[in-house]
Amino acid sequence: MAGYKTRAGWLASAVVIVLVAVMALFIAQVLGADWLGANDGYFWASLLPMPLYVYAIGATYRALQSIAGGVRSGILGKLLRRVGLALLIGSLLEVFGVAMLAKLLGAGGPLFTYDLTPITLGILGAVLHFVSRLMAEAEQARAELDEFV
């Protein structure tokens, strides 16, 4: 029993290191944009999905912290729902929103980008959200069965 709590604690520590690094790089990228001469509309539009991806990392951290603390009921379903929606919306923004916003900002270019990475993330996000609904239904069925006993 204590093994998964220890592993969840270690994973949470690793996730927080990644989260801090991503946040620092994001802030450095935004603050250094003028210095680098990145006044291009596409540069600013490309930052659009980043908060959703950071949110997905943060939701993973919070769930791992809860698991390390001993909370097991309902955490996995909430994690899957939050991460799934963040990945799905972030990938949709990356494929469609970035190019359209860049076009609105005067950068030109296509109406959408064909990049397999965000498309794959979007599919995984949709599947995670779907699985979270199945887990919620299973949790309700389990609670109903526990009432009989």
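What counts, and at which threshold
- Every chain's residues receive numbers from 1 upward, in the order its sequence appears when written.
- Confidence filtering applies because this is a predicted model: local features only for residues at pLDDT of at least 70, side-chain atom pairs given and counted only at 80 or more, and all residues used for totals across whole chains, interfaces and linings.
- As a convention, hydrogens and water are excluded, and side-chain values are obtained from all of the structure's heavy atoms.
- To obtain an axis, a line is fitted to C-alpha atoms, over the contacting stretch when the element is a helix, and the angle between two such axes runs from 0 to 180 degrees between their N-to-C directions.
- Only runs of H or I of at least four residues qualify as helices and only runs of E of at least two qualify as strands under DSSP, and these elements are numbered from the N terminus.
- Throughout this description, any angle smaller than 35 degrees is read as roughly parallel, any larger than 145 degrees as roughly antiparallel, any in the 65 to 115 degree range as roughly perpendicular, and the remainder as oblique.
- The contact definition used throughout considers only heavy atoms, calling two residues in contact when any of these lie within 4.5 Å.
- Nonpolar residues are Ala, Val, Leu, Ile, Met, Phe, Trp, Tyr, Cys and Pro. Charged residues are Asp, Glu, Lys and Arg, and all others, Gly as well, are polar.
- A helix is expected to reach a length of 1.5 Å times the quantity of its residues less one.
- The cut-offs for exposure are 20% and 50% of the maximum accessible area for each residue type, with area from a 1.4 Å probe on protein chains only; residues under the lower value are buried, those over the upper are exposed, and the others partly exposed.
- By definition, a residue's bend is the angle between the axes fitted to the seven residues ending there and the seven starting there.

Participant: Summarise the packing of helix α4 (residues 50-68) against helix α5 (residues 75-104); cite the residues concerned and give the values.
Facilitator: At a minimum axis separation of 8 Å, α4 and α5 run at an interaxial angle of 170°. The orientation of α4 with respect to α5, classified from their angle, is roughly antiparallel. Between α4 and α5, the residues in contact are L52, Y53, Y55, A56, A59, T60, R62, A63, S66 and I67 and I75, L79, R82, V83, A86, L87, I89, G90, S91, L93 and E94, respectively. Grouping the constituent residues of the contact of α4 with α5 by class yields 14 nonpolar, 4 polar and 3 charged.

Participant: Go over α4 with me, naming the residues and quoting the values.
Facilitator: For α4, spanning 19 residues, the distance from its first C-alpha to its last is 27 Å, which sits close to the expected 27 Å at 1.5 Å a residue. For α4, the full list of buried residues reads Y53, V54, A56, G58, A59, A63 and L64. Positive backbone phi, at 105°, marks G70, one or two positions downstream of α4.

Participant: Residue-level account of α5, with values.
Facilitator: For α5, which comprises 30 residues, the first-to-last C-alpha distance of 40 Å matches the rise-based estimate of 44 Å (1.5 Å per residue) to within 8%. Largest kink in α5: about 45°, centred on G97. G106 sits one or two positions beyond α5 and adopts a positive phi of about 90°.

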